[in-house]
Amino acid sequence: MFNEHIFDYLRTDKLPHIWCPGCAHGIIVGSLVRSIEKLKIDKNKIAVLSGIGCSGRTPGYLDMNTLHTTHGRSLTFATGIKMAKPELTVIDVMGDGDAVAIGGNHFIHACRRNIDIKAIIFNNNIYGMTGGQYSPTTPTNYYASTAPYGNVETPFDIVKLAKGAGASFVARADAFHIGLLDNVIQKALSHKGFSVVEVMATCPTQFGRRNKMKEPYQMLDFVAERAISLKKWQEMSEEERKGKFPIGIFVDEQREEYVETYEKNVIERAKKGDR
Amino acid sequence: MPNIELMSGNDAVVRAAIMSGCKFYGGYPITPSSEIAEGMAKELPKVGGKFIQMEDEIGGIGAAIGASLTGVKSMTATSGPGFSLKQEHIGFAVMGEIPIVIVNVMRGGPSTGMPTYPSQGDVMQARWGTHGDHQIIALTPCSVQETFKLTFEAFNLSEMYRTPVILLTDEIIAHMREKVIIDDAKNYKIIDRVKPSVRREQYKPFDSKHGLVPPLAPYGEGYRFHITGLTHDETGFPSSDHNTVEKLQKRLRDKILKNRKNFDWYEERMVDDAEIIIVAYGSVARSAMRAIKDARRENIKAGLFRPITLWPFNHERIKKLSKRCKKFLVTEMNLGQIVGEVEKGACGVKTKVNFLGRANGEFITPTEILSKIREVMNV
Ligand code: SF4
């Protein structure tokens with residue numbers, strides 16, 4: 001059922017958004033806003049950041065404390081905001097290029113620190129805004145403007161990367177299975193610690209057109225058909241898994257959060273002169 | 001009661017930063033500035049502030065800018081290669097008008113260069129390192145005492161003008177230990193950024209109605225505004241409308257240049273009757289001070305002009321001095337950077353601009369300056 005309260009969280013005067021017709025970014029933002037509304041988080045106490053690219057325009061549409069930073073570096077700004085004002089809920093929206101190409105180093109270190117930032121990665125497997133160049137998540141053999149003979153690189157598995165780097169909440173959802181998407185975003189928002197939600201998105205304009213999926217529904221099908229629930233995934237053979245990816249929650253652990261630990265172990269000790 | 005303490009330039013930065021009310025430091029280890037990070041790691045938590053060593057230099061300044069947006073005074077420090085890496089975010093702070101202090105302890109370059117040797121090779125990078133047209137404030141101390149003082153000023157200027165301020169020291173000043181007079185905290189002027197006085201719904205983070213420097217609200221207090229590195233209108237939202245962008249660019253320029261008289265600091269010694277004026281800054285100015293005294297003993301009328309505010313450069317002052325003296329001698333630890341600015345200032349007058357500089361890691365001594373003075377003055 002449509003919930004008109006979500007408008008309270010949007011800068012409706014900034015709409016319509018700039019995304020192409022059929023782009024899945026709006027679906028993800030919709031889910032994010034619904035989740036915030038559901039959890040009744042005070043919008044004055046939310047900071048939303050982004051890097052550069054199509055996903056980077058997200059904060060502009062949200063009626064919160066918003067920061068459109070530099071390419072790939074949004075997590076560094078988010079780290080400063082969270083440390084200096086821990087009472088804020090800090091949400092960082094990134095594209096695949098932001099998160100695991102130019103910002104890959106910041107990403108793994110934020111995971112390792114387990115700082116309470118919610119990283120929502122819009123993974124459309126391409127650099128959309130700059131014209132369809134291949135990204136670190138473009139599947140092998142798919143086409144991009146800088147891979148005119150097909151991509152020869154091996155893509156990153158963002159979930160495995162986040163897990164390996166130590167994030168305490170890691171989930172993957174997609175722009176088609178909305179129930180799961182809402183669910184994992186809500187869980188990430190409620191989790192204390194570095195939370196990663198990789199959302200398999202679409203880019204009909206730059207990825208689809210180059211890969212025989214120029215209609216938005218074809219791209220959504222492409223995502224939906226490959227997305228396999230974690231439970232089913234576990235029962236599948238290596239052969240069956242080829243070209244597909246699991247969706248669900250991969251890590252959900254309670255671990256000491258960075259800023260709290262700093263306050264407890266550093267500030268308290270420093271004030272007591274305990275060194 | 002003022003205290004007298006022995007400390008290094010890097011220690012002085014830490015001490016003054018804490019006294020200025022700095023509450024956040026984001027950085028990355030690099031020689032010869034690491035002692036600033038170490039000092040801040042120790043001192044900040046004592047006053048409830050926070051320190052983080054980020055995964056790289058870009059992250060260090062990014063975190064500091066983020067923290068500043070919540071309303072706290074923030075800083076980072078670096079040297080040479082690290083300063084290069086920070087440039088994109090310096091531009092972001094210029095565009096977003098976010099107060100932050102960046103200390104760059106200059107070392108030999110280019111590239112990894114000579115990490116433990118002094119240099120003044122980053123002077124032009126401080127001015128033009130980030131892309132795009134912009135103004136920047138850079139201050140350069142010539143002693144530990146002055147490092148202490150200018151750290152306060154750097155925080156004050158960044159807060160007053162909502163802008164990144166660069167404190168440009170060098171390896172000599174940073175590592176040299178000198179006596180520093182430290183007064184009671186209450187005797188230092190400490191300026192905090194102006195917060196908005198309008199109702200939250202009416203707040204525009206880049207509103208030019210209130211003068212050249214719009215008030216900055218902290219994140220999390222109900223103002224809910226937007227900041228982007230894109231050109232933007234007064235509300236902070238992206239705009240590429242030429243008139244809007246023109247207005248923004250002009251205000252960003254004017255807020256620094258039209259306020260320059262408030263921080264146009266320099267020192268002059270014996271310039272009134274000088275026939276030759278040495279232009280030197282930072283540690284090299286110490287040699288120059290000695291050299292002009294020695295020159296006077298030989299009856300050469302030498303004086304010193306020492307810019308303290310290096311950027312924006314004071315071309316007008318050079319112009320005035322150029323009408324008085326016969327010659328300038330610019331001396332700096334590089335192959336010629338500020339000398340170009342002096343030439344600009346002296347343009348159109350007959351006063352000749354001479355140069356003594358090098359970039360091999362060797363300090364420029366008083367004796368060398370004196371012999372150059374003799375050479376230039378034909379004695
Ligand atoms: S280019 Fe692709 S990602 Fe960007 S708005 Fe268009 S469809 Fe969406």
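Residues numbered from 1 in each chain as written. Chains lettered and ligands numbered in written order. Predicted model: local features only at pLDDT ≥ 70, side-chain atom pairs only at ≥ 80, totals over all residues. Heavy atoms only, no water.

A word on the overall build of chain B. For chain B, the helix and strand inventory stands at 12 helices and 16 strands. Scaling as 2.2 N^0.38, a compact globule of 379 residues should have a C-alpha radius of gyration of about 21 Å, and chain B matches this with 21 Å. Dimensions of chain B, computed from C-alpha atoms along their principal axes, come out at roughly 70 × 45 × 45 Å. A sequence separation of at least 24 residues applies to 76% of the contacts in chain B between residues at least 6 apart. When the accessible surface of chain B is totalled, it reaches about 14400 Å², and 51% of it is carbon and sulfur. The average position of the 51 basic charges and that of the 44 acidic charges among the side chains of chain B differ by 5 Å. (Helix = DSSP H or I, 4+ residues; strand = E, 2+ residues; numbered from the N terminus. Rg over C-alpha atoms; globule rule 2.2 N^0.38 Å. Contact = heavy atoms within 4.5 Å. Areas by Shrake-Rupley, 256 points an atom, 1.4 Å probe, with all protein chains shown as cover. Lys, Arg positive; Asp, Glu negative; His and termini not counted. Charge placed at Lys NZ, Arg CZ, Asp CG, Glu CD.)

Turning to the sheet that holds strand β7 (residues 169-174) of chain A, a few remarks are in order. Spatial ordering of the open sheet is given by β9(A)-β10(A)-β7(A)-β8(A)-β4(A)-β3(A)-β1(A)-β2(A)-β10(B), a layout of 9 strands whose pairing is mixed. The strands lining the two open edges of the sheet, one partner per strand, are β9 (227-229) of chain A together with β10 (226-228) of chain B. Geometrically, the sheet is characterised by an average inter-axis angle of 20 degrees between neighbouring strands, direction not taken into account. One ladder, built from 3 bridges, connects strand β2 (residues 65-68) of chain A with β10(B); its direction is parallel. Among the inter-strand pairings, A:H68 is bridged to a residue of β10(B), identified as B:T228. Together, β7, β8 (195-200), β9 and β10 (245-252) of chain A form the strand contacts of helix α8 (residues 216-226) of chain A, whose direction differs from that of β9(A) by roughly 30 degrees. (Pairing = 2+ DSSP bridges. Axes fitted to C-alpha atoms, helices over the stretch in contact; angles between N-to-C directions.)

A separate point is the site of the ligand. All names here are of chain A. Close to the ligand lie W19, C20, C23, H25, C54, N124, G128, C203, P204, T205 and Q206. The dominant element in the shell around the ligand, judged by the number of residues it contributes, is helix α7 (residues 204-208), at 3 residues. Residues belonging to the shell around the ligand are distributed by class as follows: 6 nonpolar, 5 polar and no charged. (Near = heavy atom within 4 Å. Nonpolar A, V, L, I, M, F, W, Y, C, P; charged D, E, K, R; others polar.)

It is worth spelling out the domain arrangement of chain B at this point. Residues and elements named next belong to chain B. Domain boundaries assigned for chain B yield domain 1 (3-187), domain 2 (200-260) and domain 3 (266-376). Every contact between the two is made by 28 residues of domain 1 and, on the other side, 24 residues of domain 3. Of the roughly 2000 Å² buried where domain 1 meets domain 3, counting both sides, 58% is carbon and sulfur surface. Three residues, Q120, T140 and C142, lead the burial of domain 1 against domain 3; their summed loss comes to 31% of the area buried on that side. Taken together, domain 1 and domain 3 are joined by 2 salt bridges. R306 is the salt-bridge partner of E146, the closest N and O atoms lying 2.7 Å from each other. Here domain 1 and domain 3 share 14 residue pairs in polar contact (both at pLDDT 80 or more) between them. Elements supplying a minimum of two residues to the side of domain 1 that touches domain 3: β6 (114-118), α5 (123-128), β7 (137-139), α6 (144-161), β8 (164-170) and α7 (171-175). (Domains from an automatic or database assignment. Buried area = accessible area lost by both parts, 1.4 Å probe. Salt bridge = Lys/Arg side-chain N within 4 Å of Asp/Glu carboxyl O. Polar contact = N/O pair within 3.5 Å; in protein donor to acceptor, adjacent residues only side chain to side chain.)

Our focus in this paragraph is unusual backbone geometry. In the segment running from A:L15 into A:P16, the intervening peptide bond is cis, with an omega of 5 degrees. Checked against the element boundaries, A:P16 lands in the segment before α1 (25-39). A cis amide bond links B:W311 with the next residue in sequence, B:P312, at an omega value of -5 degrees. Among the secondary structure elements, B:P312 is positioned in the loop between β14 (309-311) and α10 (315-322). Phi angles above zero are rare outside glycine, and B:R162 is one such case at about 50 degrees. Take B:R162: its relative accessible area is 1%, and that puts it in the buried class. Positive phi outside glycine occurs at B:N299, with the angle close to 65 degrees. (Buried < 20%, exposed > 50% of the residue type's maximum accessible area, 1.4 Å probe, protein only.)

Close approach of charged atoms allows side chains with opposite charge to pair. Per the stated rule, a full pass over the model turns up 52 salt bridges over all chains. Residue A:D116 is joined to A:K118 by a salt bridge in which the shortest nitrogen-to-oxygen separation is 2.7 Å. Exposure class is identical for A:D116 and A:K118. Each is buried. B:E234 is the salt-bridge partner of B:K247, the closest N and O atoms lying 3.3 Å from each other. In this pair, B:K247 sits in helix α8 (residues 242-257) while B:E234 sits in the loop between β10 and α8, placing the two residues 13 residues apart along the sequence. In this structure B:K247 comes out as partly exposed when scored by relative accessible area, which is 48%. What emerges from the salt-bridge pattern is a single network uniting A:K82, A:D116, A:K118, A:K192 and A:E260.

Our focus in this paragraph is the layout of surface pockets. What the largest pocket holds in volume is close to 830 Å³. In terms of lining, the largest pocket is formed by 29 residues, of which the most central are A:D157, A:R172, A:W233, A:K244 and A:F245. Counting residues per element, the ones that place at least two in the lining of the largest pocket are α5 (158-165), β8, α8, α9 (230-235), α10 (238-241) and β10 of chain A. With 4 residues, the top contributor of residues to the lining of the largest pocket is α5(A). In terms of residue class, the lining of the largest pocket is built from 13 nonpolar, 6 polar and 10 charged. Taken as a whole, the second largest pocket encloses approximately 620 Å³ of empty space. Lining the second largest pocket are 27 residues, and of these B:G91, B:M95, B:H131, B:G132 and B:G229 lie nearest its centre. A per-element tally of the lining of the second largest pocket places helix α4 (residues 80-96) of chain B first, with 5 residues. A breakdown of the residues in the lining of the second largest pocket according to their chemical character gives 7 nonpolar, 14 polar and 6 charged. (1 Å grid on protein atoms, 1.4 Å probe; cavity = no way out; pocket = protein on both sides within 12 Å on 5 of 7 lines; lining within 4 Å. Points joined across faces, edges and corners; volume = space filled by probe spheres on them.)

This brings us to the sheet that holds strand β12 (residues 276-279) of chain B. Residues and elements named next belong to chain B. Taken together, the 5 strands give an open sheet; going across it, the order is β11-β13-β12-β15-β16, and neighbouring strands pair in mixed fashion. With partners counted over all chains shown, the strands left at the sheet margins are β11 (266-269) and β16 (352-357), one partner each. Sheet twist, expressed as the average angle between the axes of neighbouring strands with direction ignored, equals 20 degrees. For β11 and strand β13 (residues 302-307), the ladder comprises 4 bridges, and the chain directions are antiparallel. Paired with R269 across the strands is L304, a residue of β13.

Residue and element names in this part refer to chain B. Here β12 shows two buried faces, one formed by I276 and I278 and the other by I277 and V279. The parallel pair β12 and β13, bridged by helix α9 (residues 284-297), forms a crossover whose chirality is right-handed. Strand direction decides the pairing type here: β12 and strand β15 (residues 327-332), joined by 4 bridges, are parallel. Residue pairing for β15: I278 is matched across the bridge by L329. (Right-handed = clockwise from strand over helix to strand, strands pointing away.)

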